[in-house]
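Report on the structure
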Amino acid sequence: CNHGRMAATARPMRSMRPVTPRLASRLFVRPMTGLSVLARLPELRRQPAAFGDDGTAALTEMLAQHDIAAATDRLPAETRRLCDMGTGEQMEVLAFRAIAGREEAFERIVQRLSYELHEMETGVSDVRVMHPVCGEATFVVTLLSRAEAERFGSQLRPRMLAALADVSQAGAPVYANRGSLMPQAHSLGSLLTMLAEQLHDTNRAQHDIRGIGRELARWFPRRDEYAKYVTRDASNPTNYTRNVLVSNPAMEVLLMCWPAGARSTIHCHDESSCWVVAVEGEVHEVQFDLPLLDKKFARKEKEDPHGDISGKCGPLRAVQVRTLGSAGAAARVEGELGPIPGKQTYANNEIGIHRIENRSGRPAITMHVYAPRLRRMKIFRDTGDVALVTVTTDAGAATVEKVGDWDAGDILDVAKWNAH
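Below: a short report on this structure. (Residues numbered from 1 in each chain as written. Predicted model: local features only at pLDDT ≥ 70, side-chain atom pairs only at ≥ 80, totals over all residues. Heavy atoms only, no water.)

Counted according to the given criterion, the structure contains four aromatic pairs. Judged by centre distance (4.1 Å) and plane angle (20 degrees), the rings of Tyr 240 and Trp 258 are stacked. Taken as a pair, Tyr 240 in strand 5 (residues 240-248) and Trp 258 in strand 6 (residues 251-258) lie far apart in primary sequence, 18 residues in all. With a relative accessible area of 1%, Tyr 240 lands in the buried category. On the numbers, 5.1 Å between centres and 55 degrees between planes, the contact of Trp 275 with Tyr 346 is tilted. Here the residue Trp 275 occupies a position in strand 8 (residues 273-280), and Tyr 346 occupies one in strand 13 (residues 344-347), the gap between them amounting to 71 residues. Residue classification places Tyr 346 among the buried residues on the basis of a relative accessible area of 12%. (Phe/Tyr/Trp six-rings, centres within 6.5 Å; stacked < 30°, edge-to-face > 60°. Helix = DSSP H or I, 4+ residues; strand = E, 2+ residues; numbered from the N terminus. Buried < 20%, exposed > 50% of the residue type's maximum accessible area, 1.4 Å probe, protein only.)

Here is the structure:
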């Protein structure tokens, strides 16, 4: 965001302290705790001796324990900004108040400026002028990009200030600011409410896959909203955990916590849709074509569709690998489809089967949305060119079955307002 960039105003404002090399070292160089070791893991691997015994010991202890709850609590939030989720538009706000006795001249200039601003087309997406009373005016100009905002600031803003200098109090704006246009971003509560409204049908064919994906992309994860769901498997810290946020026949939403090196089995999603969203850290999704099943398994599944059965399948063929997450980076795809932006993926049995892996040296967190609720899946084990197939729950994971007590946290009661 551009929140730190304040234009000059009639009321002096404290300038931001420049970040000198000395100040940067005071801000960012701390004793080697588990936090700083994990945050600087790539550097540590390249030059372990540069960090001393304390750093190496902290790294060893943290990674050996795979303590995802402790590690994610201590790791800083990834370099993400709410306004990065928006369109990139920049807003310029300038408010003026007339000198007593100069209101008429002030109004004539404001009227002309308003007309000319509304005539602007290049690099501008919106212009608004608020006129609360005679002798006051606020200009709000929305520009397409930071480059256009800089051009406005260097070319047109000085002309506006000069035109109003002789008729405005202090010869300058009473308020001036510029910054990013904030997007309409979901909180965890509003996201879960939206999902409950949209995913009420248990037939996967009725799902608006792209629409749900767009809504998931509008979620800005805040750690204080989901920290209570960050758990680990105390009996086996290398397992990933499945933490239930919402569970009903039409939909289940899980927060999955992945220690370094953890991975799921290769599995299908039965008749469900599956959306996966990176929340913290980085995971890889490996997609496979759905293999052929042997006749014995097909017969047993038909005879006992809900039983615990096993059989054989054809070779598992990986078709692509997606990287989900990474601070400030778009998802990367290794395969034939080329780059796919975003931090989420979607799967169902028509697309194929998949496995989620944490290949990094630090914990990761993902959100998984299944609709309808996933209670049956096939597990495919990679045993060369054949695999054992079972119908059961996923192995290698611990599930926290207590459903989260979430709330949309409405402030304005928009539904009541819109009802009128």
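For the rest of this paragraph, the subject is the pattern of salt bridges. A side chain with one charge can pair with a side chain of the opposite charge if their charged atoms come near. In this structure the tally under the stated criterion is 19 salt bridges. One salt bridge connects Glu 116 with Arg 112, and the closest N-O pair in it is separated by 2.8 Å. With a gap of four residues between them, Glu 116 and Arg 112 both fall in helix 6 (residues 103-119), about one helical turn apart. Within this structure, Glu 92, Glu 150, Arg 157 and Arg 178 form a network of salt bridges that share partners. (Salt bridge = Lys/Arg side-chain N within 4 Å of Asp/Glu carboxyl O.)

This next bit is on the pairing of strand 4 (residues 175-180). Across the six residues that make up strand 4, a large majority, five, are buried. In the sheet, strand 1 (residues 90-97) pairs with strand 4 via six bridges, with the strands oriented antiparallel. What sits directly across from Glu 92, in strand 4, is Arg 178. (Pairing = 2+ DSSP bridges.)

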